[in-house]
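Okay, here's what each chain looks like letter by letter:
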Amino acid sequence: MMMDLVIQDKTHDESRQGEALILEPANGKNSGRKLYIESYGCAMNFSDSEIVASILSDQGFETTADYNMADVIFINTCSIRENAEQRVRNRLREFTIAKVRKPDLIVGVLGCMAERLKSKFLEEEKLVDVVVGPDAYRDLPSLIGRVDDGQKAVNVLLSREETYADISPVRLNSNGINAFVSIMRGCDNMCSFCVVPFTRGRERSREPLSIIKECTDLFNRGYREVTLLGQNVDSYKWNPEIEGQESEVGKVNFANLLEMVAAIHPDLRVRFSTSHPKDITDEVLYMIAKHENICNYIHLPVQSGNSRVLEMMNRTYDREWYINRIDAIRRIIPGCAISTDIITGFCSETDEEHQDTLSMMDYVQYDFAYMFMYSERPGTLAAKRYADDISDAVKSSRLKEVVAKQQQHSYIRLQAQLGKVQKVLIEGF
Ligand code: SAM
Ligand code: SF4
């Protein structure tokens with residue numbers, strides 16, 4: 001069936017939403033307490049859960065896949081669309097029932113919903129004992145201590161520096177082959193529809209040698225593929241002349257970082273996500289072409305194919321710019337797979353403008369796409385400036401057209417692979 005043939009981007013894996021993550025207990029450090037941690041959203045959030053597990057494993061926590069066995073339940077949340085938030089709320093209600101049975105059970109909300117909904121969770125709904133934002137995970141042991149003493153505990157402060165560079169994340173539910181490595185946090189782009197700059201704070205890059213060390217350790221432990229993660233990897237920037245960026249290496253941009261990771265070993269495959277069309281440079285494209293172990297795959301979210309809508313979205317590129325970047329990819333890395341994100345029914349989008357998105361899809365013939373109806377998020381620029389004036393029925397019928405087109409293109413792109421010989425990394429049975 002055609003649906004089964006799409007190439008999956010792993011950075012927002014629908015099948016992993018709500019997955020409970022488990023790890024082996026740390027040797028000799030057993031506090032007798034069990035942690036259950038469930039994650040939603042993008043790969044960045046799943047990667048953050050590994051940092052949380054690492055911090056708590058150092059405190060002697062074990063993990064469990066059954067929340068009924070847990071002493072601490074954490075839910076690592078996503079705010080990107082309204083339905084992502086709704087899913088988390090429903091789940092929290094189930095955990096409350098567990099709390100009635102076991103009153104000293106600690107329930108905590110981590111991640112992107114923390115800042116906006118902290119008072120709601122703690123005071124109004126009284127569902128939750130701890131609320132912790134994405135930059136405050138180092139504080140978790142003391143926050144748990146405060147709850148043990150009978151208080152509620154909150155830390156949703158966002159940081160300009162925190163990258164957890166020195167924390168070696170434990171790998172949760174890993175197949176031992178693919179790993180995500182976070183290279184930066186936050187986002188400075190302020191796309192008008194997006195909550196990320198508010199929930200995850202300012203953009204900051206992680207010290208490059210700590211990234212190389214983590215990837216080298218992974219390779220030595222048998223991992224054969226790393227995906228470098230950031231909201232906008234092309235703006236990765238390390239510059240020791242900037243205060244606070246001390247390091248043994250000089251200036252490093254994303255192309256340099258790719259080369260450093262690729263040099264770890266020819267058998268280590270290197271992937272990355274997400275690229276922003278305004279920032280992806282020819283230097284990065286040439287670097288991908290130069291190294292066989294950097295996978296020929298770019299996730300380049302277009303959002304819309306119409307320049308007026310793109311301007312309202314504050315994406316800072318227009319249709320022509322995006323097409324220029326696609327042409328550069330095709331020229332410099334022939335055969336490179338390209339995937340995208342598309343939003344249908346953004347504020348005031350007309351039918352003709354929607355047609356521009358469809359024609360952009362025809363131009364690129366994406367291998368894969370994440371496709372969404374616009375969901376207004378409180379506090380974003382779009383929520384403040386523009387009316388969410390496209391009806392759900394229109395958003396949804398536009399989405400159906402986009403999805404149908406993407407299925408055709410995924411099929412065509414896979415047909416083009418027939419008869420070709422490719423080097424394959426076997427990830428499991
Ligand atoms: N930083 C990446 C970028 O700029 O492409 C992606 C970040 S976001 C986690 C992933 C995708 O969610 C976006 O590319 C966008 O398509 C979608 N998205 C974000 N906010 C949305 C909203 N309010 N409604 C619908 N989709 C949204
Ligand atoms: Fe959100 Fe835009 Fe930043 Fe991506 S680049 S995280 S869409 S603000």
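A quick note: this is a predicted structure, and the numbers were derived from the prediction, not measured.

Let's talk about the overall build of the protein
Phase 1: Assigned secondary structure in the protein consists of 13 helices and 17 strands.
Phase 2: Here the protein has a C-alpha radius of gyration of 22 Å; the compact-globule value for 429 residues is 22 Å, and the two agree.
Phase 3: A burial count over the protein gives 55% of its 429 residues as buried.
Phase 4: Looking at the protein alone, contacts between residues at least 24 apart form 76% of all its contacts between residues at least 6 apart.
Phase 5: Total accessible area on the protein is roughly 18900 Å²; 52% of this is exposed by carbon and sulfur atoms.
Phase 6: Of the charged side chains in the protein, 52 are positive and 64 negative, and the gap between their average positions amounts to 1 Å.

Section: the pattern of salt bridges
Phase 1: Enumeration over the complete set of coordinates arrives at 29 salt bridges.
Phase 2: The residue Asp-48 makes a salt bridge to Arg-185 at a minimum N-O spacing of 2.9 Å. With Asp-48 in helix α1 (residues 43–57) and Arg-185 in strand β9 (residues 184–185), this residue pair connects regions lying 137 residues apart in the sequence.
Phase 3: The residue Asp-129 makes a salt bridge to Lys-99 at a minimum N-O spacing of 3.0 Å. Note that Asp-129 is positioned in the loop between α3 (114–124) and β6 (130–132) and Lys-99 in helix α2 (residues 82–101), a separation of 30 residues in sequence.
Phase 4: Note on Asp-129: relative accessible area 9%, which makes it buried.

Quick look at empty space enclosed by the protein
Phase 1: If you walk through the whole model with that rule in mind, you get 3 cavities of 30 Å³ or more.
Phase 2: Quantified by volume, the largest cavity comes out at close to 830 Å³.
Phase 3: Lining the largest cavity are 43 residues, with Ile-80, Cys-194, Val-196, Gln-231 and Asp-341 sitting closest to its centre.
Phase 4: Top element by residues in the lining of the largest cavity is helix α5 (residues 196–200). It accounts for 4 residues.
Phase 5: Tallied by class, residues from the lining of the largest cavity come to 22 nonpolar, 17 polar and 4 charged.
Phase 6: Taken as a whole, the second largest cavity spans an internal volume of roughly 60 Å³.
Phase 7: Surrounding the second largest cavity, Ser-47, Ile-51, Thr-163, Tyr-164, Ile-167, Pro-169, Arg-171, Phe-180, Ser-182, Arg-206 and Glu-214 form its lining.
Phase 8: Looking at the lining of the second largest cavity, the elements that each hand over two or more residues are α1 and β8 (178–182).
Phase 9: Per-class residue counts for the lining of the second largest cavity are 5 nonpolar, 3 polar and 3 charged.

What to know about the packing of helix α10 (residues 319–332) against helix α11 (residues 351–364)
Phase 1: At a minimum axis distance of 11 Å, the contact between α10 and α11 shows a crossing angle of 15 degrees. Taken together, the axis directions place α10 and α11 in an arrangement best described as roughly parallel. Note on packing geometry: the crossing formed by α10 with α11 is right-handed. Residue-level inspection shows Arg-319, Tyr-322, Ile-323, Ile-326, Asp-327 and Arg-330 of α10 in contact with α11, the latter providing Asp-356, Ser-359, Met-360, Tyr-363 and Val-364.
Phase 2: When its residues are assigned to classes, the contact of α10 with α11 shows 6 nonpolar, 1 polar and 4 charged.

Overview of the pairing of strand β2 (residues 34–39)
Phase 1: The buried fraction of β2 is high, at 5 of 6 residues.
Phase 2: Pairing of β2 with strand β3 (residues 62–63), which is carried by 2 bridges, proceeds in the parallel orientation. Bridge pairing links Lys-34 to Glu-62 in β3.
Phase 3: Summarising the sheet, β2 and strand β4 (residues 72–77) pair through 5 bridges and their orientation is parallel.

Observations concerning the site of ligand 2
Phase 1: Taken together, Cys-187, Asn-189, Met-190, Cys-191, Phe-193, Cys-194, Val-196, Pro-197, Gln-231, His-276 and Arg-315 make up the full set of residues adjacent to ligand 2.
Phase 2: One can see that ligand 2 is located within the largest cavity.

Here's the deal with the side chain of Ser-339
Phase 1: When you line up the elements, Ser-339 lands in strand β16 (residues 337–344).
Phase 2: At 2.5 Å, the side chain of Ser-339 forms a polar contact with the side chain of Tyr-297.

Cut-offs applied
- Residues numbered from 1 in each chain as written.
- Chains lettered and ligands numbered in written order.
- Predicted model: local features only at pLDDT ≥ 70, side-chain atom pairs only at ≥ 80, totals over all residues.
- Heavy atoms only, no water.
- Helix = DSSP H or I, 4+ residues; strand = E, 2+ residues; numbered from the N terminus.
- Rg over C-alpha atoms; globule rule 2.2 N^0.38 Å.
- Buried < 20%, exposed > 50% of the residue type's maximum accessible area, 1.4 Å probe, protein only.
- Contact = heavy atoms within 4.5 Å.
- Areas by Shrake-Rupley, 256 points an atom, 1.4 Å probe, with all protein chains shown as cover.
- Lys, Arg positive; Asp, Glu negative; His and termini not counted.
- Charge placed at Lys NZ, Arg CZ, Asp CG, Glu CD.
- Salt bridge = Lys/Arg side-chain N within 4 Å of Asp/Glu carboxyl O.
- 1 Å grid on protein atoms, 1.4 Å probe; cavity = no way out; pocket = protein on both sides within 12 Å on 5 of 7 lines; lining within 4 Å.
- Points joined across faces, edges and corners; volume = space filled by probe spheres on them.
- Nonpolar A, V, L, I, M, F, W, Y, C, P; charged D, E, K, R; others polar.
- Axes fitted to C-alpha atoms, helices over the stretch in contact; angles between N-to-C directions.
- Parallel < 35°, antiparallel > 145°, perpendicular 65-115°, else oblique.
- Left-handed = near helix turned anticlockwise from the far one by under 90°.
- Pairing = 2+ DSSP bridges.
- Near = heavy atom within 4 Å.
- Sits in = over half its atoms within 2 Å of the grid points.
- Polar contact = N/O pair within 3.5 Å; in protein donor to acceptor, adjacent residues only side chain to side chain.

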